[in-house]
Amino acid sequence: MMDNVSVITMFTLSGLSGTFNHRVTLFVLTLLCYCVIWMVNMTIVVTIIADKNLHEPMYIFLCNLCINGLYGTAGFYPKFLQDLLLTTHLISVPGCFLQGFVIHSSVCADLSMLALMAYDRYVAICRPLVYHSMMTKKRVSVYIFFAWIIPFYLIFISTGTTITSRLCGSHIPKIYCVNWLISNLACSASVARIVVPAFNYTFYFGHAVFIVWSYVFLAKSCRKSKENKQKFMQTCLPHLLTLMIFSASLLFDLLYMRFGSKELSENVQNFMAMEFLVIPPIINPLIYGFRLTQLRKRVSHIICCRSLVFRLKA
């Protein structure tokens, strides 16, 4: 971990120095949070996969959104739980790049899935007569494929530009690895390290604009019809809440990482860094589970059946 670029094999993560006295409590709470994330997301995923009546575009996109939530949190929680039990918080260079890739690609895939869900609702409400011809199983499969592969490809290119840079430092002022912070350790500036992330930000900002425009257009269109208004409240409202929670959590972290004050306490900084890895993965499945009637009934049915089986066995 010396400053000589040829011997940097480990990065040092900061942010947990003040948690030594409460690390067991934090470990238990974090582990509980991670278990809840797995439980609520897997409940939605298994329910949708098991029930053929839910094999519709909206539920398929939701299933992939939950899978992506599990994928993204898997890049953070295992390492964070380990760090809570250790006095030194180190991560290997390959491990750091892998963690950054997983977290970044998950965030981008989230935006892709939310954009697909917005498009699906637009077609379902505004063009119901051609919905089934436009949202065929083949097209939905293609949409999902690109919603996964494009984020992976863009973040792979972005990570590649950082990997090829010569590093002159090993300290990352965060509880997990972020490509932008790693690139700040480079010995010299690179055009690729500026252009590639700028393109990625612009590309996914376009996703966010499309999502917002879709729901604004849908809200205006649904005012004319009572039936469409009911559809909007039942299926689009969960999407809007998901988007708002995700966007607020992500923007909070991005803006603070670049412009935030270092005078804030370490606990507040850590909460800002973890917010989009804690709140959306838990809240999103709960929102859809409560708001989408068909899914709510199916989940309730499964829970009731399991409770009955356990009672009979007892």
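Residues numbered from 1 in each chain as written. Predicted model: local features only at pLDDT ≥ 70, side-chain atom pairs only at ≥ 80, totals over all residues. Heavy atoms only, no water.

Asks: What exactly am I supposed to notice about the pattern of salt bridges here?
Replies: Pairing between side chains of opposite charge can happen when their charged atoms approach one another. Under the counting rule described, the total for this entry stands at two salt bridges. A salt bridge links D83 to K79, with the nearest nitrogen and oxygen atoms 3.0 Å apart. Taken together, the positions of D83 and K79, both in helix 3 (residues 77-84) and four residues apart, correspond to about one turn of that helix. Assessed through its relative accessible area of 2%, D83 is described here as buried. Taking the relative accessible area as the measure of exposure, K79 reaches 14% and is therefore buried. Here D120 makes a salt bridge to R121, at a shortest N to O gap of 2.8 Å. Here the two residues D120 and R121 agree in accessibility, since each one is buried. (Salt bridge = Lys/Arg side-chain N within 4 Å of Asp/Glu carboxyl O. Helix = DSSP H or I, 4+ residues; strand = E, 2+ residues; numbered from the N terminus. Buried < 20%, exposed > 50% of the residue type's maximum accessible area, 1.4 Å probe, protein only.)

Asks: Looking at this structure, I do not really get the side chain of D110. What am I missing?
Replies: Mapped onto the fold, D110 is located in helix 4 (residues 93-126). Buried and unpaired, D110 has no salt bridge, with K174 as the nearest side chain of opposite charge at 16 Å. With near-sequence residues (within four places) excluded, D110 lies in contact with L65, N68 and F246. (Lys, Arg positive; Asp, Glu negative; His and termini not counted. Contact = heavy atoms within 4.5 Å.)

Asks: I'm lost on the packing of helix 2 (residues 57-74) against helix 4 in this one. Help?
Replies: Helix-helix packing: each pair is described by the crossing angle between the helix axes and the interaxial distance. Contact geometry of helix 2 with helix 4 gives a least axis separation of 9 Å together with a crossing angle of 165°. Taken together, the axis directions place helix 2 and helix 4 in an arrangement best described as roughly antiparallel. Handedness of the helix 2/helix 4 crossing: left-handed. Across the contact of helix 2 with helix 4, the residue classes tally to 14 nonpolar, five polar and three charged. (Axes fitted to C-alpha atoms, helices over the stretch in contact; angles between N-to-C directions. Parallel < 35°, antiparallel > 145°, perpendicular 65-115°, else oblique. Left-handed = near helix turned anticlockwise from the far one by under 90°. Nonpolar A, V, L, I, M, F, W, Y, C, P; charged D, E, K, R; others polar.)

Asks: It is not clear to me how the packing of helix 4 against helix 6 (residues 137-163) should be interpreted in this structure. Could you clarify?
Replies: Close contact between helix 4 and helix 6 brings their axes to 8 Å; oriented N to C, the two are set at 150°. Between helix 4 and helix 6, the crossing angle belongs to the class labelled roughly antiparallel. Like other packed secondary-structure pairs, helix 4 and helix 6 cross with a definite hand, here right-handed. Along the contact surface, helix 4 presents F97, F101, H104, S105, C108, A109, S112, M113, L116 and Y119, while helix 6 presents Y143, I144, A147, W148, P151, F152, I155, F156, T159, T162 and I163. Classifying every residue of the contact of helix 4 with helix 6 gives 16 nonpolar, five polar and no charged.

Asks: Looking at this model, I keep getting lost on the packing of aromatic side chains. Mind explaining?
Replies: Each aromatic ring pair is described using two quantities: the centre-to-centre distance and the angle formed by the ring planes. Per the counting criterion, the structure on display carries 16 aromatic pairs. The interplanar angle of 55° and the centroid separation of 5.8 Å between the aromatic rings of F101 and F152 together place this pair among those described as tilted. You can see F101 sitting in helix 4 and its partner F152 sitting in helix 6, a full 51 residues away along the chain. When its relative accessible area of 18% is taken as the criterion, F101 is described as buried. Summarising the aromatic geometry, the rings of W148 and F152 are spaced 6.1 Å apart at their centres and angled 70° between planes, so their arrangement reads as edge-to-face. Remark: F152 and W148 occur in helix 6; sequence separation between them is four residues, near one turn of the helix. Assessed through its relative accessible area of 17%, W148 is described here as buried. Taken together through their ring pairs, the aromatic side chains of Y34, F76, Y77, F80, Y176 and F276 make up a single cluster. (Phe/Tyr/Trp six-rings, centres within 6.5 Å; stacked < 30°, edge-to-face > 60°.)

Asks: So what exactly am I meant to see when it comes to helix 3 here?
Replies: Counting along an α-helix, one turn takes 3.6 residues, and residues three or four places apart therefore face a common direction. Along helix 3, six of the eight residues are buried, which leaves the element largely enclosed by surrounding structure. Taken residue by residue, helix 3 has Y77, K79, F80, L81, D83 and L84 as its buried positions.

Asks: Can you help me understand the sheet that holds strand 2 (residues 90-92) in this one?
Replies: Sheet strands associate in pairs through backbone hydrogen bonding, adopting either a parallel or an antiparallel arrangement. Pairing in this open sheet of three strands is mixed, and the strands run 2-1-3 from one edge to the other. Looking at strand neighbours, the two that pair on one side only are strand 2 and strand 3 (171-172), the edges of this open sheet. In this sheet, strand 3 lies alongside strand 1 (residues 10-13) in parallel orientation, the contact comprising two bridges. For T12, the partnering residue across the bridge sits in strand 3 and is H171. (Pairing = 2+ DSSP bridges.)

Asks: Help me understand the nonpolar core in this model?
Replies: The tendency in soluble globular proteins is for nonpolar side chains to be buried as a group. Within the largest apolar cluster, 82 residues are counted, with the highest numbers of intra-cluster contacts made by F11, L62, F76, I172, Y176 and L295. Setting aside residues up to four positions removed in sequence, L295 forms contacts with I44, T47, I48, L54, Y59, L62, Y288 and G289. (Core = buried A, V, L, I, M, F, W, Y, C linked by side-chain atoms within 4.5 Å.)

Asks: Got a minute to help me understand a nonpolar patch on the surface in this structure?
Replies: A cluster of nonpolar side chains, contributed by V142, F145, F146, I149 and I150, occupies part of the molecular surface with about 420 Å² of accessible area. Take F146: it is sitting in helix 6. (Patch = residues over 30% accessible without salt bridge, like charges linked within 9 Å, V, L, I, M, F, W, Y side chains within 5 Å. Areas by Shrake-Rupley, 256 points an atom, 1.4 Å probe, with all protein chains shown as cover.)

Asks: Explain helix 4 here, please?
Replies: With 34 residues, helix 4 should cover 50 Å at 1.5 Å per step; its first-to-last C-alpha distance of 49 Å lies within 8% of that length. With a side-chain oxygen positioned 3.1 Å from the backbone nitrogen of G95, the residue opening helix 4 is S92. (Expected span 1.5 Å × (residues − 1). Polar contact = N/O pair within 3.5 Å; in protein donor to acceptor, adjacent residues only side chain to side chain.)

Asks: Mind showing me how you'd approach the confidence of the model for the protein here?
Replies: Note that predicted coordinates carrying low pLDDT should not be read in detail. Put simply, the protein has an average pLDDT of 83, and 89% of its residues get 70 or more. Confidence drops under pLDDT 50 across residues 1-5; counting only partners more than four residues distant or on other chains, this segment forms 14 contacts. (pLDDT = per-residue confidence, 0-100.)

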